[in-house]
Amino acid sequence: MAPFTAIFCGALLLNIVATFRSSSYWNKYKHLFGYSAAANGSEQALLGDEKSSAEMKLKHSKLLTKYLVVYLLAVFSDWLQGPYVYALYDAYGYSQHDIAVLFVAGFGSSMIFGTFMGGLADSCGRKKFTIFFAVVYALSCITKHFKDFGVLMLGRLLGGIATSLLFSVFDSWLIRSHSEAGVSSMLSKSFATAQYGNSIIAILAGLTANKAASLTELKAWDNNSEILYQGGYLYPFDLALLALVICGLLAFFVWEENFGEDKSQDEEDDEKRKRWYDSFVNAYFTTINSKEVLYTGLIGSLFEGSMYIFVFMWTPAMKEKTVGDIPFGLVFATFMVCCMAGSSIFSVVIGMMKNEKIGVYTFAIATGTFLLMALAPNDTLAMIAFLMFETVVGCYFPMMGTMKSVIVPESKRAAIYNLYRIPLNFIVLFSLLTDLTPKQSFFLCTGMLAVATYLQTKLVQHQKTFYSTVNNNDDLEFGNVSPKPDESSHRSPSQETSDNEKSPLVVADADSKAD
């Protein structure tokens, strides 16, 4: 049997080291580890205007705090529900076929309705749709109290819409807010911090939900009711409901509204968008007409599809190789610790390498981890492969968030982000509706990630310019030189640009010379 406790301790040590290396404390104490304490040229340029740098950091810190208090509550509500959806349906007495239908409905709803919601969020406002997300997901939680297949189906449909908004509207609001605040050079750090916080929240949510679900037994609301239930597995959904109410209220009072376009642009495009589905149609044609936008979506779908298949298959795969009981709580905590380490590693590597190059290595390593999963002869090697993949997941999300912020046009951002989820949902539905073994599933993921690696390489070759947030060895807290006012608007590389035009995430001349 794999030494799960020792593996957890090793993962925790890795996370501590990676977190320290990515923090501002590294610059204070790196001389103790044999590194030069002298500032390099880029750092000197930043430190040369300490007042400007301090103002930029303060502005970024305030913006990031605003984002995290809302975003972390949203993902907290999501993590609370995840482990207990299947358990609740099973406790209600539904068959595996009925439960599968409910799950398929949720992913189908995300694929169909969520796609149109993204376009509406771009035009009507990301803040409004963040509040809408909280309301819809809260209603989904309420439906869980009803032992009625129709009501539960409604809850899954609402949950699918909410999931699409969670993975599109929040990122869209963050990217636009960074641009408007003039701190786009710190966007990668924001994504890495959010992913790190997400992993911590996942652990807290798991512990909280486990404690709440064990407080009482699941039972009917009263002796005369055969439909309305309370207690047991419903408590995590009640806690999620409370978190969503607070999330919506904070978004209403703390966030500023932003849109996919400026108001002047909105007025000019009114004639082009008379119908409710026009945003989706425009996003679709933008995607298929731009290699950068199309490749980015396919890459994300292949990776995240593999990630969902991993979620479904790691437990049966581990059971096949393990003799005795598996400490699932400890394993899950180890997964999340590795995710945290991955986001910290990204924060370090982004200072040394172009973001798209990080993507190539990320997908190549992920391909190798799934191959190892498929071929692992024992649970120890399988566990090591699992943890390597979770570390890659922690690196993937800030890397992809940064890449999409540059490539996807701001005016259609949320719509395109939801469009990206269509192939992802097809992959998830395929995995749910087939009877592939864990080994077959891992080989399938190996193939998908090999394709993702190839597409990422082609994406790097196709782009005229390599994009990066920073290109020095400093801690990310140093950020980067702010873009000039006339360079601060988001512009997709799919648009016609001259060699002198830069995205707000592109570093000035010093960075372009680094390659």
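None of the values given here were measured: they were computed from a predicted structure. (Residues numbered from 1 in each chain as written. Predicted model: local features only at pLDDT ≥ 70, side-chain atom pairs only at ≥ 80, totals over all residues. Heavy atoms only, no water.)

Attention now goes to the overall build of the chain. Looking only at helices and strands, the chain has 20 helices and 2 strands in total. Within the chain, the fraction of its 515 residues that count as buried is 53%. Across the chain, every contact between residues at least 6 apart in sequence was considered, and the portion connecting residues at least 24 apart equals 83%. When the accessible surface of the chain is split by element, carbon and sulfur atoms take 62% of a total near 22,600 Å². (Helix = DSSP H or I, 4+ residues; strand = E, 2+ residues; numbered from the N terminus. Buried < 20%, exposed > 50% of the residue type's maximum accessible area, 1.4 Å probe, protein only. Contact = heavy atoms within 4.5 Å. Areas by Shrake-Rupley, 256 points an atom, 1.4 Å probe, with all protein chains shown as cover.)

Moving on, we get to a nonpolar patch on the surface. On the surface, Tyr25, Tyr29, Leu32, Phe33 and Tyr35 cluster together into a nonpolar patch covering about 600 Å² of accessible area. With respect to the helices and strands, the residue Leu32 is situated in the loop between helix H2 (25-29) and helix H3 (41-47). (Patch = residues over 30% accessible without salt bridge, like charges linked within 9 Å, V, L, I, M, F, W, Y side chains within 5 Å. Salt bridge = Lys/Arg side-chain N within 4 Å of Asp/Glu carboxyl O.)

Time to look at the packing of aromatic side chains. In total, this model carries 35 aromatic pairs according to the counting rule given. Ring geometry for Tyr92 versus Tyr229: centroids 5.3 Å apart, planes at 65 degrees, classification edge-to-face. Linking Tyr92 in the loop between helix H5 (85-91) and helix H6 (96-124) with Tyr229 in strand E2 (residues 229-230), this pair joins segments that are 137 residues apart in sequence. According to the relative accessible area criterion, Tyr229 is buried, its value standing at 14%. An aromatic cluster of at least three residues, connected via ring pairs, comprises Phe303, Phe310, Trp314, Phe328, Phe335, Phe363, Phe370, Phe386, Phe389, Tyr396, Phe397 and Phe442. Sitting over the face of the ring of Phe103, Arg156 holds its NZ or CZ atom 4.7 Å from the ring centroid. (Phe/Tyr/Trp six-rings, centres within 6.5 Å; stacked < 30°, edge-to-face > 60°. Lys NZ or Arg CZ within 6 Å of the ring centre and 35° of its normal.)

A few words now on the pattern of salt bridges. By the definition in use, this model includes 6 salt bridges. Lys66 is the partner of Glu256 in a salt bridge, and the nearest nitrogen-oxygen pair spans 2.4 Å. In this pair, Glu256 is assigned in the loop between helix H11 (235-254) and helix H12 (263-268) and Lys66 in helix H4 (residues 50-81), connecting sequence segments 190 residues apart. Look at Glu256 and you get partly exposed, because its relative accessible area is 42%. Note that Glu257 and Lys128 form a salt bridge whose closest N and O atoms lie 3.2 Å from each other. Of this pair, Glu257 sits in the loop between H11 and H12 while Lys128 sits in helix H7 (residues 126-143), placing them 129 residues apart in sequence. Given a relative accessible area of 24%, Glu257 falls into the partly exposed group. Salt bridges here are not isolated pairs; linked through shared partners, they connect Asp122, Arg126, Glu410 and Arg413.

Tracing the chain through its elements places Ser22 in helix H1 (residues 4-22). Accessibility expressed as a relative area gives 16% for Ser22, which makes it buried. Within the structure, Ser22 has its side chain in polar contact with the backbone oxygen of Thr19 (distance 3.0 Å). (Polar contact = N/O pair within 3.5 Å; in protein donor to acceptor, adjacent residues only side chain to side chain.)

Grouped burial of nonpolar side chains is what soluble globular proteins tend to show. Counting 124 residues, the largest nonpolar core has Phe133 and Phe386 as its most contacted members. Ranked by the residues each element gives to this core, the list is headed by helix H17 (residues 379-407), at 14 residues. When residues no more than four places from it in sequence are discounted, the contact partners of Phe386 are Phe310, Trp314, Ala317, Met318, Phe335, Met373 and Phe442. Ranked by size, the runner-up nonpolar core spans 6 residues in total, among them Met111, Leu424, Val428 and Leu429. (Core = buried A, V, L, I, M, F, W, Y, C linked by side-chain atoms within 4.5 Å.)

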